[in-house]
Amino acid sequence: QVQLVESGGGLLQAGDSLRLSCATSGRTFSDYALGWFRQAPGKEREFVAAINWSGESRYYEDSVKGRFTISRDNAQNTLYLQMNNLKPEDTAVYYCAAGKLATSRYQDFGSWGQGTQVTVSS
């Protein structure tokens, strides 16, 4: 099994930047694709970004393209999400996940973290 723990969330203002981290353990980190999802109050879980096992391929939801960057450090078994120019609509609980494929489908990710809250005010 893969265990994942998110950190780095907080309360910010529009235009701020923030980096989320996801520490993993339990299995060989580089064997898994990784992703970030988010869920705002009253809304469905939403895909944010994904990265393949090597870090060579990255995928983003349209609303975060140009603002967010997903990356991974396989030597440290850590996943990151750099978020720039944050907007109030980015407010959500952010979850990291591990799976076999780097896709936008939550069904493709079998292991999940507990989530970290990101709140962006106007």
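See above for the structure.
Quick caveat: nothing in here was measured; it's all calculated off a predicted structure.

It is worth spelling out the environment of Glu 6 at this point. Tracing the backbone shows Glu 6 in strand 1 (residues 3-7). On the accessibility criterion, Glu 6 (4% relative accessible area) is buried. Considered as a pair, Glu 6 and Trp 36 are 30 residues apart in the sequence and their alpha carbons are 10 Å apart. When neighbours within four sequence positions are excluded, Glu 6 is seen to be in contact with Ser 21, Cys 22, Trp 36, Tyr 94, Tyr 95, Cys 96, Gly 113, Gln 114, Gly 115 and Thr 116. Looking at Glu 6, its side chain comes within polar contact range of the main-chain nitrogen of Gln 114, at 2.9 Å.

Mapped onto the secondary structure, Thr 91 falls in the loop between strand 8 (78-83) and strand 9 (92-99). Within the structure, the side chain of Thr 91 is placed 2.9 Å from the backbone oxygen of Pro 88, a separation counted as a polar contact. Within polar-contact distance, the side chain of Thr 91 engages the backbone nitrogen of Val 120 at 2.9 Å. The contacts of Thr 91, once residues within four sequence positions are left out, are Ala 40, Gln 117, Val 118, Thr 119 and Val 120.

Along the chain, the position of Thr 78 falls in strand 8. Of the residues examined, Thr 78 reaches a relative accessible area of 12% and is grouped as buried. Within the structure, the side chain of Thr 78 is placed 2.9 Å from the backbone oxygen of Gln 76, a separation counted as a polar contact.

Rules and cut-offs
- Residues numbered from 1 in each chain as written.
- Predicted model: local features only at pLDDT ≥ 70, side-chain atom pairs only at ≥ 80, totals over all residues.
- Heavy atoms only, no water.
- Helix = DSSP H or I, 4+ residues; strand = E, 2+ residues; numbered from the N terminus.
- Buried < 20%, exposed > 50% of the residue type's maximum accessible area, 1.4 Å probe, protein only.
- Contact = heavy atoms within 4.5 Å.
- Polar contact = N/O pair within 3.5 Å; in protein donor to acceptor, adjacent residues only side chain to side chain.

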